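Listed below, chain by chain, are the residues.
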Amino acid sequence: PGQATGALEPTAIVHPDDLEQALEAFVRVVGTGGRGLVRMRVRNGLDWRPVEVSLTDRSDRPQVGGVVLCFRNITEEERYRESLRVQVDLANRNRVLHDQLRERQHFLARLVRIQASISRRAPLHEVLDAVVDGAHQLLGDPVIGIELQPGGPNDPLELVAGRGLTTLDAPTALLDDAGLAALAFRSNRLVHSDEVGPGSVRCGLAVPIRRAGEPIGSLVVTTDLTARTYSVAECEVLQSLADHAGLAIMDAQTVESMNEALTDPLTGLPNRRLLLDRLRVSLDRAVRHERPLALMFIDLDGFMAINDGRGHGAGDAVLVETARRIAAEIRGHDIAARLG
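Residues numbered from 1 in each chain as written. Predicted model: local features only at pLDDT ≥ 70, side-chain atom pairs only at ≥ 80, totals over all residues. Heavy atoms only, no water.

Peer 1: Lay out the pattern of salt bridges with the relevant residues and their values.
Peer 2: For the structure shown, the criterion picks out 16 salt bridges. One salt bridge connects Glu76 with Arg79, and the closest N-O pair in it is separated by 3.2 Å. Here the residue Glu76 and the residue Arg79 both occupy positions in helix H3 (residues 75-100), the gap between them amounting to three residues, near one helical turn. Glu76 sits in the partly exposed class, given a relative accessible area of 29%. The class of Arg79 is partly exposed, set by a relative accessible area of 35%. Arg163 is the partner of Asp133 in a salt bridge, and the nearest nitrogen-oxygen pair spans 3.5 Å. (Salt bridge = Lys/Arg side-chain N within 4 Å of Asp/Glu carboxyl O. Helix = DSSP H or I, 4+ residues; strand = E, 2+ residues; numbered from the N terminus. Buried < 20%, exposed > 50% of the residue type's maximum accessible area, 1.4 Å probe, protein only.)

Peer 1: Would you mind going over the nonpolar core in detail, with residue names and values included?
Peer 2: Inside soluble globular proteins, nonpolar side chains tend to come together where they are buried. Membership of the largest hydrophobic core comes to 35 residues, with the highest contact counts inside it found for Ile146, Ile209, Leu219, Val221, Leu238 and Leu241. At ten residues, the largest contribution of residues to this core is made by helix H8 (residues 232-262). Apart from the residues lying within four places of it in its own chain, the contact partners of Ile209 are Ile146, Leu148, Glu214, Pro215, Ile216, Gly217, Ser218, Leu219, Ala242, Ala245, Gly246 and Ile249. Counting twelve residues, the second largest nonpolar core, distinct from the first, contains Val14, Leu19, Ala22 and Val67. (Core = buried A, V, L, I, M, F, W, Y, C linked by side-chain atoms within 4.5 Å. Contact = heavy atoms within 4.5 Å.)

Peer 1: Would you mind going over the state of the cysteines in detail, with residue names and values included?
Peer 2: Going through the model one piece at a time under the given rule, you end up with zero disulfides. Considering cysteine sulfurs only, Cys203 is the nearest to Cys235, which forms no disulfide, with 9.9 Å between them. (Disulfide = S-S within 2.5 Å.)

Peer 1: Give a detailed account of the sheet that holds strand E6 (residues 191-193), specifying residues and quantitative values.
Peer 2: Pairing is antiparallel across the open sheet formed by five strands, whose spatial order is E5-E4-E8-E7-E6. Each of the sheet's edge strands pairs with one partner strand only, and the pair in question is strand E5 (158-163) and E6. Neighbouring strand axes in the sheet, compared pairwise and without regard to direction, differ in orientation by 20 degrees on average. Here strand E4 (residues 143-148) runs beside strand E8 (residues 214-223); their pairing, made up of six bridges, is antiparallel. Looking at the pairing, Leu148 lines up with Gly217 of E8. Here helix H5 (residues 124-139) sits on the sheet in contact with E4, E5 and E8, set at roughly 50 degrees to E5. Here helix H7 (residues 180-187) sits on the sheet and contacts E4, E6, strand E7 (203-211) and E8; the angle it forms with E8, its principal contact strand, is near 150 degrees. (Pairing = 2+ DSSP bridges. Axes fitted to C-alpha atoms, helices over the stretch in contact; angles between N-to-C directions.)

What follows is the structure, encoded as structure tokens:
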């Protein structure tokens with residue numbers, strides 16, 4: 001953006017699955033003097049980034065002689081769209097479960113409470129605890145756990161929420177790398193066993209927790225009842241709870257990434273992008289209500305001397321403390337931001 005890149009082979013920048021529609025959009029516009037719009041994925045280093053491309057034919061202009069492409073990053077929109085799609089899928093699954101589990105109406109009440117906590121953006125650990133509690137109340141098994149992969153693809157699963165972990169002698173389905181949770185995670189499918197491991201654990205069920213279809217952990221239940229079996233309806237219950245856990249995790253990560261994009265990582269104040277957005281809103285409001293608006297720029301005299309004499313760590317500490325003091329003094333409707 002903002003630079004002439006020269007001739008680029010479409011196959012070098014456009015995702016192979018999107019290449020055909022991208023070329024079709026180009027053909028529809030070229031030579032017509034019109035405009036077009038298409039969504040595609042373009043190369044971003046070793047990864048792919050979703051973009052919305054506007055095409056404007058300028059073949060009749062000698063200084064251009066072609067089609068002008070303008071790219072807009074829609075990563076956050078796609079994440080939000082995926083979040084909505086997951087919620088729609090969950091709603092559809094809930095309707096199916098309602099027909100299958102008429103005798104257990106409190107199941108839907110449980111899901112509604114979990115969905116409400118996701119909608120109001122309750123802390124993630126509260127949502128995961130609610131999922132664990134819901135699994136216990138609906139299935140009745142004494143041991144329930146949620147394991148997630150915290151870092152890279154080779155990291156082991158870590159237990160992040162659980163119930164009844166001390167009631168059984170050998171809860172290997174939760175804590176062992178070869179247990180049900182790990183098997184469900186690696187296979188990305190439901191796993192059931194009537195002989196989990198040594199000790200008193202006799203039966204267990206695990207389902208993957210997914211984000212955009214990819215496994216990020218597992219929800220597992222176990223019991224010491226030798227005659228315990230899991231019906232299809234109970235498997236659906238557990239998978240639905242796992243899907244809600246995945247939705248909560250994806251929503252929390254989306255909010256975190258959006259906050260990171262709009263705030264200064266050092267001081268926590270709004271950054272230039274967020275300030276300009278809020279400033280436009282404030283200016284429109286000031287004009288509409290015929291009220292004055294004040295904008296103050298604050299510079300720190302001698303700041304470079306601190307950086308040079310005491311190091312950037314000391315300079316960062318000064319900026320953090322300055323931001324804290326300014327934020328503590330302004331009114332609730334005022335905005336303090338860091339531009340530099």
